[in-house]
Amino acid sequence: MAYDSENASSICMEGGKQLEGTVRIQGSKNAALPVLAASILIPDTCILKNVPCITDIGCMENLLESTGAVLEKREEAHTLRINAVNIKEYRLPAKYVSAMRSSVVLMGALLGRIGEVLVDYPGGCVIGKRPIDLHLYGLEKLGAQIFTDKNRIHAYADELKGAQISFPFPSVGATQNTILAAVTAYGTTVIKNAAREPEITALCDFLNKAGANIEIGHDFIETGKIVIHGVEISRLHGVTYEIIPDRIVAGTYLFAALAAGGRVALENAPATQLRSVCDLIERMGGRIDSDKENEKNRLLVCVDEPVNIRNVGFVETDVYPAFPTDLQSPLLACACVSKGELVIRERIFSSRFRIVEELVRMGADIEILDEERVRVRGVEQLAGRTVIARELRGGASLVIAGLAASGITTVKDICYIKRGYQDIVGDLKGLGARIEYVYS
Ligand code: UD1
């Protein structure tokens, strides 16, 4: 589907209007990207449904094509057909790799499929130190030879072999890379302290449907243990798979409703994955209801009196199932207009407070205490301003701030927002917000 966002450069909105209505949640960016990468392990055709129409997915599509995959898109149906019968190219083009950090998961997939990969260091949003030592650690344990220089990584393996891998930190991307390389490795791999995020479970689910042999127990959240029994590449086969809904987009709209007030129903929302977020929203004074009406997985948030929304003192981000780092800035935007004080501790990424400066320009009272912590004191209202998006989630959070502010807010450089939100304006407009894309 071609969205109006395609050529837009800014978003302009008039704040102060409560949100009312229903929004359908798009497919998950962070689940779709590794599944797309995984498709090149499979010497067959996979059909992926509910693929979000966002620029990061476009970038991954270009990367897959560069390896020899043949893609066919039906955008109106969010369906992507990937034929990966002829994967030959091990060199990934720098222009796409440098644009997106998750291009790094193609390392595991290419090593597993053709035994070699040459890649520049990946890019992505500038949200603090983002090393890839754990990715390389996992791949080396599986037997890959890795050579790095200032700009590039060259990895190859005549044969990958199953191994015992224990991560010192449960990195999402490193876990995905290791799974991808281990699927066709000889023997059994055991990953300990794997990342527990739902996007990991989704990747394993996709791969198992395609013929992989991955054990991920019901107690995975407690154990963090994944066991992968390697299979021959020829055992992997095409599959039709639906991408799970985006918990971060859903959370963004929950915080938008909290900041602006009103009653919002999220359709196709992953309620169980949002437990920590919904708990916090209830503690702040919002009402949350979930039901499975017509199998649509609806999540409702009601804020009858936005003036009564209050800060809860202290919140920290952490790995799943705790409060997610990707919703830290939506919370921050909301906290600016909530009663009382909140200290937020960001435990996953350093320097993830790049929107503070913009929020302060809108009248927020925020103090950066140190690299990990900010203190927010709620003010009655923010004032509309022209502000600049500097990264994906921070950009979306400036839209939240604009919805709660008086007057007109313009968010510039929305290329960052388009990396993850397929139509944030269309979605919020459907909820009654006075908001438009600006083309210039
Ligand atoms: C993924 C998500 C991102 C989310 C993050 C944490 C995608 C495309 N992105 O990012 O939206 O915010 O998980 O939930 O799915 N680290 C190292 N060495 C490594 C790898 C990571 O030190 O080799 C550190 C990072 O610097 C960071 C922390 O580990 O401080 C978390 O990173 P990680 O879990 O790997 O996140 P990503 O996979 O990059």
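Above: the structure in question.
Here the structure is a predicted model, which is why all the values come from computation and not from measurement.

**Student:** Would you explain the overall build of the chain in this entry?
**Tutor:** Scanning the chain for helices and strands turns up 14 helices and 23 strands. Viewed in the frame of its principal axes, the chain has a C-alpha envelope of about 65 × 45 × 40 Å. Put simply, the chain has 440 residues, and 56% of those count as buried. For the chain, long-range pairs separated by at least 24 residues make up 75% of all intrachain contacts whose partners lie at least 6 apart in sequence. As presented, the chain carries roughly 17400 Å² of accessible surface, and 46% of it is formed by carbon and sulfur atoms.

**Student:** Would you mind showing me how to read the packing of aromatic side chains here?
**Tutor:** The relation between two aromatic rings is expressed through the spacing of the ring centres and the mutual angle of the planes. Taken as a whole and judged by the stated rule, the model has four aromatic pairs. For the pair Phe 206 and Tyr 241, a centre-to-centre distance of 5.3 Å together with 70° between the ring planes defines the contact as edge-to-face. Of this pair, Phe 206 sits in helix H7 (residues 198-209) while Tyr 241 sits in strand S13 (residues 240-242), placing them 35 residues apart in sequence. Overall, the relative accessible area of 5% leaves Tyr 241 in the buried class. Both rings, one in Phe 255 and one in Phe 323, keep their centres 6.2 Å apart while their planes meet at 75°; by these two values the pair is edge-to-face.

**Student:** Honestly, helix H11 (residues 328-335) in this entry has me stumped. Any pointers?
**Tutor:** Side chains that are three or four residues apart share a direction in an α-helix, a result of its 3.6 residues per turn. Of all the eight residues making up H11, eight are buried; the element is thus mostly covered by neighbouring parts of the structure. Looking only at H11, the buried set comprises Gln 328, Ser 329, Pro 330, Leu 331, Leu 332, Ala 333, Cys 334 and Ala 335.

**Student:** How should the pairing of strand S14 (residues 262-267) be read in this particular structure?
**Tutor:** Sheet faces and side chains relate simply in a regular strand, where the side chains alternate between the two faces. Of all six residues in S14, five are buried; the element is thus mostly enclosed. Where strand S2 (residues 19-24) and S14 come together, six bridges link them in parallel fashion. Within S14, the residue paired with Thr 22 across the bridge is Ala 265.

**Student:** In this structure, what is going on with the environment of Ser 171? I would like to understand it.
**Tutor:** Looking at where Ser 171 falls in the secondary structure, it is placed in the loop between strand S9 (164-166) and helix H6 (172-182). For Ser 171, a relative accessible area of 12% gives the class buried. Each C-alpha atom, one on Ser 171 and one on Val 356, is 26 Å from the other, the two residues being 185 residues apart in sequence. Residues in contact with Ser 171, not counting those within four places in the same chain, are Leu 134, His 135 and Ala 195. Within the local environment of Ser 171, its side chain forms a polar contact with the backbone nitrogen of Ala 174, the two atoms lying 3.0 Å apart.

**Student:** Which parts of the structure should I look at to understand the pattern of salt bridges?
**Tutor:** Pairs can form between side chains of opposite charge once their charged atoms are near each other. Under the criterion given, the structure shown has 23 salt bridges. In this structure, Glu 199 and Arg 247 form a salt bridge, with 2.8 Å as the shortest nitrogen-oxygen distance. With Glu 199 in helix H7 and Arg 247 in helix H9 (residues 247-260), this residue pair connects regions lying 48 residues apart in the sequence. We note that Glu 199, like Arg 247, is buried. Across the pair Arg 298 and Glu 267 runs a salt bridge, and its minimum N-O distance is 3.8 Å.

**Student:** Sorry, what's going on with the site of the ligand here?
**Tutor:** Near the ligand lie 21 residues; those nearest to it are Asp 133, Leu 134, Ser 171, Asp 326 and Ile 348. A distance of 3.0 Å separates an oxygen atom of the ligand from a polar side-chain atom of Asn 30. In the complex, the protein chains occlude 85% of the 740 Å² of accessible area that the ligand would expose alone. Secondary structure elements with two or more residues in the shell around the ligand: helix H1 (29-39), helix H5 (133-141) and H6. It is H5 that provides the largest number of residues to the shell around the ligand, a total of three residues. Partitioned by chemical class, the residues of the shell around the ligand number seven nonpolar, six polar and eight charged.

How each quantity is defined
Residues numbered from 1 in each chain as written. Predicted model: local features only at pLDDT ≥ 70, side-chain atom pairs only at ≥ 80, totals over all residues. Heavy atoms only, no water. Helix = DSSP H or I, 4+ residues; strand = E, 2+ residues; numbered from the N terminus. Buried < 20%, exposed > 50% of the residue type's maximum accessible area, 1.4 Å probe, protein only. Contact = heavy atoms within 4.5 Å. Areas by Shrake-Rupley, 256 points an atom, 1.4 Å probe, with all protein chains shown as cover. Phe/Tyr/Trp six-rings, centres within 6.5 Å; stacked < 30°, edge-to-face > 60°. Pairing = 2+ DSSP bridges. Polar contact = N/O pair within 3.5 Å; in protein donor to acceptor, adjacent residues only side chain to side chain. Salt bridge = Lys/Arg side-chain N within 4 Å of Asp/Glu carboxyl O. Near = heavy atom within 4 Å. Nonpolar A, V, L, I, M, F, W, Y, C, P; charged D, E, K, R; others polar.

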